[in-house]
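Notes for the structure review
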Amino acid sequence: MKARVHVTLKNGVLDPQGKAIGHSLNRLGFPEVGDVRQGKFIELELAETDQAKAKARVEDMCKKLLANTVIENYSIELVG
Amino acid sequence: MKSAILVFPGSNREGDVAQALELVTGRRPSLVWHGDGDFEKVDLIVVPGGFSYGDYLRCGAMAAQSPVMAEVKKRAAQGVPVLGICNGFQIVTEAGLLPGTLMRNSHLKFVCADVHLKVETSQSLFTNRYQAGQVIKVPVAHAEGNYFADPDTMKKLEDRGQIAFRYCAPDGTVDGRGNPNGSSSNIAGVFNETKTVLGLMPHPENAVEPMFGGTDGRGLFEGMVEALS
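About the criteria used
- Note that residues are indexed from 1 along each chain, following the sequence as it is written.
- As they are written, the chains are lettered A onward and the ligands numbered 1 onward, keeping that order.
- Two thresholds apply to this predicted model, a pLDDT of at least 70 for residue-level local features and 80 or more for giving and counting side-chain atom pairs, whereas whole-chain, interface and lining totals are computed over all residues.
- Note that the side-chain values use all heavy atoms of the structure and ignore hydrogens as well as water.
- UniProt positions are given in the numbering used here, feature names are shortened, and annotations may be inferred rather than shown by experiment.
- Two strands are said to pair when DSSP picks up at least two bridges between them.
- Helix numbers and strand numbers start at the N terminus; a helix is a DSSP run of H or I with at least 4 residues, a strand a run of E with at least 2.
- Axes, fitted as lines to C-alpha atoms, cover a helix only where it is in contact. Angles between the N-to-C directions of the axes lie from 0 to 180 degrees.
- In this description, contact between two residues means that some pair of their heavy atoms is separated by no more than 4.5 Å.
- Type-normalised accessible area, obtained with a 1.4 Å probe on protein chains alone, sets the label of each residue: buried when under 20%, exposed when over 50%, and partly exposed for intermediate values.
- Between N or O atoms, a polar contact is any pair within 3.5 Å; within protein, one atom must be a potential hydrogen donor and the other a potential acceptor, and residues adjacent in sequence are included only when both atoms are from side chains.
- Any Phe, Tyr or Trp ring, taking Trp's six-membered ring, that has another such ring centre within 6.5 Å forms a pair; planes under 30 degrees apart are called stacked, those over 60 apart edge-to-face, and the others tilted.
- Geometrically, a charge over a ring is one whose NZ (Lys) or CZ (Arg) sits within 6 Å of the ring centre while staying within 35 degrees of the ring normal.
- Each angle gets one of four labels, with under 35 degrees taken as roughly parallel, over 145 as roughly antiparallel, 65 to 115 as roughly perpendicular, and the rest as oblique.
- In this scheme, a crossing is called left-handed if the near helix is turned counterclockwise away from the far one by less than a right angle; it is called right-handed if the turn is clockwise.
- Lys, Arg, Asp and Glu make up the charged group, whereas Ala, Val, Leu, Ile, Met, Phe, Trp, Tyr, Cys and Pro make up the nonpolar group; the residues left over, Gly among them, are polar.

An unreviewed UniProt entry annotates chain B as Phosphoribosylformylglycinamidine synthase subunit PurQ of Reyranella aquatilis. Turning to chain B, the UniProt record has this under Pathway (unreviewed entry): "Purine metabolism; IMP biosynthesis via de novo pathway; 5-amino-1-(5-phospho-D-ribosyl)imidazole from N(2)-formyl-N(1)-(5-phospho-D-ribosyl)glycinamide: step 1/2."

Per an unreviewed UniProt entry, chain A is named Phosphoribosylformylglycinamidine synthase subunit PurS, and its organism is Reyranella aquatilis. Per UniProt, chain A has the following entry under Subcellular location (unreviewed entry): "Cytoplasm". UniProt annotates chain A under Sequence similarities (unreviewed entry) with the comment "Belongs to the PurS family."

As structure tokens, then:
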């Protein structure tokens, strides 16, 4: 099965890259764009077949490496 | 004083630190490769600057999980002093040896310049050669030096005197003008609670010889020698 992990900055953490993207979009003729938050998308191929076990393992991966929980949140989606 | 400098794939300031340490101790530090889970007993461990593991995922994230860092964490817990400079600061925060994290510079640009730092305390093995409030000039070179910690952590850092250096104007004023990267409260360097681990973004190792623009960084190395020899 596959795990899809989204890593995003926590609310209240300044995201200068998101801000720059927002400014660029506004300049390019997309004035409807307000706040932009940028994050990471990580796709993992897993040998595990048990959903619950896979989720627990990926949680552990997020805490140990994939996200820095000082500034980032993560969400996990299992596919297949 | 015996010291070890860690080397990761992508480290590039290990030679600079080695020279600075050799200059003040007369003794060449040993270089320890990231895959080494064990190394000789030393009085000081330095995690140098560079781009460990290409800064993949987050700066310092991969290096923080390397075998050598597991050993460094053990020794730090026993009180062995650890100095993290630039990428080394990012690595030791990712490893959990120091609170907070280093984010992308607020202006999104790489900054390579001399900056002024206010020394917050002389009461540490790293800063005993300086006076509290003294202003020193050293270079920075980074794109991710924007120190961030949650409000509770920031308060603890202030209350416990864990802030080592703040960016400032040449006259010592701590405000936005002297801040090269958007760091919270102008933080350039922090200690752990016992002040045996110091992480800082600026490069004191590149300010030890008059030929290279100044010697203000030398006090840090001389102070460590005095405290650890």
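1. Section: the sheet that holds strand 1 (residues 2-9) of chain A
All names here are of chain A. One open sheet accounts for 3 strands, arranged 2-1-3; its pairing is antiparallel. The strands lining the two open edges of the sheet, one partner per strand, are strand 2 (39-45) and strand 3 (72-79). Averaged over neighbouring strand pairs, the angle between their axes works out to 20° when direction is ignored. The sheet strands contacting helix 2 (residues 51-66) are strand 1, strand 2 and strand 3, and the helix crosses strand 3 at an angle near 150°.

2. Topic: the UniProt feature "active site" (unreviewed entry) in chain B
All names here are of chain B. What UniProt calls "active site" (unreviewed entry) maps, in this numbering, to C86, H203 and E205. Across 120 residues of sequence, these annotated residues stay compact in space, with a maximum C-alpha separation of 10.9 Å. When its relative accessible area of 6% is taken as the criterion, C86 is described as buried. Setting aside chain neighbours within four positions, we find C86 in contact with G49, A141, H142, L200, M201 and H203. Looking at where H203 falls in the secondary structure, it is placed in the loop between strand 11 (197-200) and helix 5 (218-228). Here H203 is in contact with R13, I85, C86, V138, P139, V140 and A141, once residues within four sequence places are set aside. A polar contact of 2.8 Å, which involves the side chain of H203, links it to the side chain of E205.

3. Quick word on the sheet that holds strand 7 (residues 135-142) of chain B
Residue and element names in this part refer to chain B. Taken in spatial order, the 9 strands make up an open sheet running 2-1-3-4-11-10-9-6-7, and their pairing is mixed. The two strands at the open ends of the sheet, each matched to only one other strand, are strand 2 (30-33) and strand 7. Strand-to-strand twist across the sheet, computed as the mean angle between neighbouring axes with direction ignored, equals 25°. The sheet contact formed by strand 6 (residues 111-119) and strand 9 (residues 163-168) spans 4 bridges and is antiparallel. Within strand 9, the residue paired with V119 across the bridge is F165. Seen against the sheet, helix 1 (residues 14-25) touches strand 1 (3-7), strand 2, strand 3 (44-47) and strand 4 (82-85) and runs at an angle of roughly 170° to strand 1. Its contacts with the sheet put helix 3 (residues 87-94) on strand 3, strand 4, strand 10 (187-191) and strand 11, and the angle it makes with strand 4 is roughly 120°.

4. So, the packing of aromatic side chains
Here a ring pair, both rings aromatic, is described through the centre-centre distance and the interplanar angle of the planes. Residue and element names in this part refer to chain B. Across all of its chains, the model carries 3 aromatic pairs over all chains by this definition. A centroid spacing of 6.3 Å and a plane angle of 50° characterise the contact between F8 and Y53, whose relative ring orientation is tilted. Here F8 is found in the loop between strand 1 and helix 1, whereas its partner Y53 is found in the loop between strand 3 and helix 2 (67-77), with 45 residues between them in sequence. Residue F8 is classed as buried on the basis of its relative accessible area of 2%. Taking 6.4 Å as the distance between ring centres and 25° as the angle between the ring planes, the aromatic pair formed by F126 and F191 counts as stacked. Residue F126 is located in the loop between strand 6 and strand 7, and its partner F191 is located in strand 10; the two are separated by 65 residues in the primary sequence. One cation-aromatic arrangement involves R75 over F39; the distance from NZ or CZ to the ring centre is 3.9 Å.

5. Let's talk about the packing of helix 1 of chain B against helix 5 of chain B
Residues and elements named next belong to chain B. At a minimum axis separation of 9 Å, helix 1 and helix 5 run at an interaxial angle of 55°. Considered as vectors, helix 1 and helix 5 are oriented oblique to each other. Helix-helix and strand crossings are classified by hand; for helix 1 and helix 5 the assignment is right-handed. Of helix 5, the residues touching helix 1 (which contributes V17, A20, L21, L23, V24 and T25) are R218, F221, E222, M224 and V225. Looking at the contact of helix 1 with helix 5, its residues break down into 8 nonpolar, 1 polar and 2 charged.

6. Description of the side chain of H142(B)
All names here are of chain B. Mapped onto the secondary structure, H142 falls in strand 7. A polar side-chain atom of H142 sits 3.0 Å from a polar atom in the side chain of N181. For H142, the residues in contact, after removing those within four places along its chain, are C86, N105, K109, F110, V111, Y167, N181 and M201.

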